[in-house]
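Structure at a glance
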Amino acid sequence: MAGYIPPIDDVTFLLGEVFDFDAAMMDIPRWKDIDTTLATSILEQGGKFCAEVLEPLNRPADEAGCRLEDGLVSTPAGIAEAYKAFVDAGWAGLSGDAAYGGQGLPRVLQILLDEMISSANLSFGLFPGLTRGAVEAIGHHASDELKAIYLPKMISGEWTGAMALTESSAGTDLGLLSTRAEPVGDGSYALTGTKIFISSGDHDFGGNIIHLVLARLPGAPNGVKGISLFLSPKFLVNADGSLGARNGVTVGSLEHKMGIHAQPTCVMNYDTATGWLVGEPGRGLNAMFTMMNAERLFVGIQGLAIGEASNQKAVAYARERLQGRSADGARAPVPIIEHADVRKMLMTGRALTEAGRALAVWTALQMDAAENHPDADRRREADGFVALMTPVIKAAFTDLGFEIAVTSQQVFGGHGYIREWGMEQYVRDARITQIYEGTNGVQAMDLVARKLPMENGALINRFFALISRDLEAAAGAVELNETINAVSDALARLKDLTAYVLQLATNSEEAGAAATDYLRSLALVTYGWVWVKMAAKATATANATPALTRRKTALARFFVSRLLPQTVALDLAIRTGAADVVALETDLL
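Residues numbered from 1 in each chain as written. Predicted model: local features only at pLDDT ≥ 70, side-chain atom pairs only at ≥ 80, totals over all residues. Heavy atoms only, no water.

**Focus: the environment of Gly-3**
- Residue position: Gly-3 is located in the segment before helix H1 (8-18).
- The class of Gly-3 is partly exposed, set by a relative accessible area of 43%.
- When sequence neighbours within four positions are dropped, the list of residues in contact with Gly-3 reads Glu-55, Gln-312 and Lys-313. (Helix = DSSP H or I, 4+ residues; strand = E, 2+ residues; numbered from the N terminus. Buried < 20%, exposed > 50% of the residue type's maximum accessible area, 1.4 Å probe, protein only. Contact = heavy atoms within 4.5 Å.)

This is the structure we're talking about:
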């Protein structure tokens, strides 16, 4: 079985040519000395760790799974040691705030590292990924005292984080949660309740585990306005920073899951556990969404990562597997990569993953600008683009990642169904990405009901204007005219469709019927946009090799001829409205 190959060549092309990383960093004073050469050298080392340390653990850790004995969680053999090596090498603090000991590098490097980690070992990647999300919530909303105690050790990776939202009766509708927080009188609170589906809720790495818990204060109103956020560690922290007594935070059981078996997903009990308020009373959801939005982007990257890893394995297998005759009938057996149907499956995976990575890099650069650019107007523009893309990346990357995993499994035929080849694990692991951190249907409703109407539609129109400018700029490349025209036509349809969908935003039934189809249509047109950018750079850049130019232009044409036409059917489906969706009485379903 072929090993995972970190996509450093593609990353170098995206940073150095397509998105002009050097110029983007020059615009931000704190990063003016960071360039593509430094960025790729860092990512090369990160990719090496992923390929050599994390991927070899992926299948055996999945088969062994996590265990709960006498209230203690054990992760599979090798995971704790790999985590220690990860922390010792400094990877945990890559993008962490330098004021608390992090390296303070751009988020775009973090997102590209996250992709490689998740391709190599999705279960492992949740440990540092969730910790970073908790760090963001604490960093934005906690008191200076809590930041000083917890952030340095969380950013270094010595301590990990988890978010405790879901209860058995409160999933997407968090307003139904019942966990209670009683003031103790010394500034702390006693938390009582049970949470389910808590990833990284406990483990055997040592150190502390910092839970961010949603709960209700006495007298809090019903619904989301009555929710507050609390920090509750596994171990209380002594005045000198050392670990003290065990807190009332215990594992009730481990969830039995379809995938990510090496990740301890826990039922957590809070038995008058000591906690401290993060942010304002009754504003817990606001504080938690700082973490949730970061995690939604992270989960999107997980979907991209599974697509990349599974497609790599399928391509390698198709080159080696001999079966059938050549197209001209002259040779037999031939590698199955010569068969048109197999090529179509492999090209689909490649076209979607490379476009996804390009969109991820663009979005990460917007995130870096939104947080650090010296110009306030540029910060506002970038922040709007990130808000718009967050549900798209979470839902489209994970839907497409799962589809690529299934298609890649299909390339293996019967071997893809057998555990020893590893393909069925990709399918199982990818499935959760479409569900957690807000199901993809929820993401689509967020896009249609909240993000499209922002600024009375001006935000989405600014995004369309950006795409139009890039298409016009690429028009000089005659060999790309067919690709550019196809994307331009799809963009024109999408603009008209967006105006139609905006009229539906206040009608929950109509918006709900249109939402997932609209999100996919927007994602496909956006992928077409980045394919034009990539193909244009591949044909115009002096540093591009003939192989790179051929690869990017061929994949761009494949995307617009085979995948972008889906937008026509999606447009037609959306415009039929909700009537057929709700025509059948619920008791007849």
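After that view of the structure, there is still more to cover.
**Focus: the side chain of Asn-440**
- Counting through the fold element by element, Asn-440 comes out in helix H12 (residues 440-451).
- Classification of Asn-440 by relative accessible area gives buried; the value is 8%.
- A polar contact of 2.9 Å, which involves the side chain of Asn-440, links it to the side chain of Lys-394.
- There is a polar contact of 2.8 Å between the side chain of Asn-440 and the side chain of Asp-399.
- Non-local contacts of Asn-440, meaning those with residues more than four positions away in its chain, are made with Lys-394, Ala-395, Thr-398, Asp-399, Thr-433 and Gln-434. (Polar contact = N/O pair within 3.5 Å; in protein donor to acceptor, adjacent residues only side chain to side chain.)

**Structural notes on a nonpolar patch on the surface**
- On the surface, Leu-584, Leu-588 and Leu-589 cluster together to form a nonpolar patch covering roughly 350 Å² of accessible area.
- Structurally, the position occupied by Leu-584 is in the segment after helix H18 (579-582).
- A relative accessible area of 43% means that Leu-584 is categorised as partly exposed. (Patch = residues over 30% accessible without salt bridge, like charges linked within 9 Å, V, L, I, M, F, W, Y side chains within 5 Å. Areas by Shrake-Rupley, 256 points an atom, 1.4 Å probe, with all protein chains shown as cover. Salt bridge = Lys/Arg side-chain N within 4 Å of Asp/Glu carboxyl O.)

**Quick word on empty space enclosed by the protein**
- Considering all chains together, one arrives at 4 cavities of 30 Å³ or more under this definition.
- Considered as a void within the structure, the largest cavity measures approximately 50 Å³ in volume.
- Taken together, Gly-303, Leu-304, Leu-352, Thr-353, Gly-356, Ala-396, Phe-397, Leu-400, Gly-401, Ile-404 and Tyr-527 make up the full set of residues lining the largest cavity.
- Of all the secondary-structure elements, those providing two or more residues to the lining of the largest cavity are helix H8 (284-320), helix H9 (340-372) and helix H10 (376-411).
- It is H10 that contributes the most residues to the lining of the largest cavity, 5 residues altogether.
- A per-class count over the lining of the largest cavity returns 7 nonpolar, 4 polar and no charged. (1 Å grid on protein atoms, 1.4 Å probe; cavity = no way out; pocket = protein on both sides within 12 Å on 5 of 7 lines; lining within 4 Å. Points joined across faces, edges and corners; volume = space filled by probe spheres on them. Nonpolar A, V, L, I, M, F, W, Y, C, P; charged D, E, K, R; others polar.)

**Notes on the environment of Ala-499**
- Counting through the fold element by element, Ala-499 comes out in helix H14 (residues 481-504).
- Along the primary structure Ala-499 and Leu-459 are separated by 40 residues, whereas in three dimensions their C-alpha atoms are 13 Å apart.

**Considerations on the pattern of salt bridges**
- Counted by the stated rule, this structure contains 30 salt bridges.
- Residue Arg-428 is joined to Asp-62 by a salt bridge in which the shortest nitrogen-to-oxygen separation is 2.8 Å. Here the residue Arg-428 occupies a position in helix H11 (residues 423-433), and Asp-62 occupies one in helix H3 (residues 36-64), the gap between them amounting to 366 residues. In this structure, Arg-428 and Asp-62 share a single accessibility class: buried.
- Arg-462 is paired through a salt bridge with Glu-455; the nearest N and O atoms lie 2.9 Å apart.
- Accessibility expressed as a relative area gives 29% for Arg-462, which makes it partly exposed.
- Shared partners join several salt bridges into a network, and the residues in it are Asp-10, Glu-115, Glu-308, Arg-350, Glu-354, Arg-357, Arg-551 and Lys-552.

**What to know about the packing of helix H5 (residues 107-120) against H8**
- At a minimum axis distance of 8 Å, the contact between H5 and H8 shows a crossing angle of 50 degrees. When the interaxial angle is binned, H5 and H8 end up oblique. For the pair H5 and H8, the sense of crossing is right-handed. Seen from H5, the contacting residues are Ile-111, Asp-114, Glu-115, Ser-118 and Ser-119; seen from H8, they are Phe-298, Ile-301, Gln-302, Leu-304, Ala-305, Ile-306, Glu-308 and Ala-309.
- Residue composition of the contact of H5 with H8, by class: 7 nonpolar, 3 polar and 3 charged. (Axes fitted to C-alpha atoms, helices over the stretch in contact; angles between N-to-C directions. Parallel < 35°, antiparallel > 145°, perpendicular 65-115°, else oblique. Left-handed = near helix turned anticlockwise from the far one by under 90°.)

**Structural notes on the packing of aromatic side chains**
- Scanning the model with the defined rule gives 19 aromatic pairs in all.
- An aromatic cluster of three or more residues is present, and its members are Phe-49, Tyr-83, Phe-86, Phe-124, Phe-127 and Phe-205.
- Positioned over the ring face of Phe-298 is Arg-132, at 5.7 Å from the centre of the ring.
- The side chain of Arg-431 reaches across the aromatic face of Phe-402, ending 5.6 Å from its centre. (Phe/Tyr/Trp six-rings, centres within 6.5 Å; stacked < 30°, edge-to-face > 60°. Lys NZ or Arg CZ within 6 Å of the ring centre and 35° of its normal.)

**Some points on the pairing of strand S7 (residues 227-233)**
- Most of S7 is tucked away, with 7 of its 7 residues classed as buried.
- Because side chains alternate across S7, one face comprises the buried residues Ile-227, Leu-229, Leu-231 and Pro-233, and the other comprises Ser-228, Phe-230 and Ser-232, equally buried.
- Relative to S7, strand S6 (residues 209-216) is paired through 7 bridges, and the arrangement is antiparallel. Bridging across to S7, Val-213 finds its partner in Phe-230. (Pairing = 2+ DSSP bridges.)

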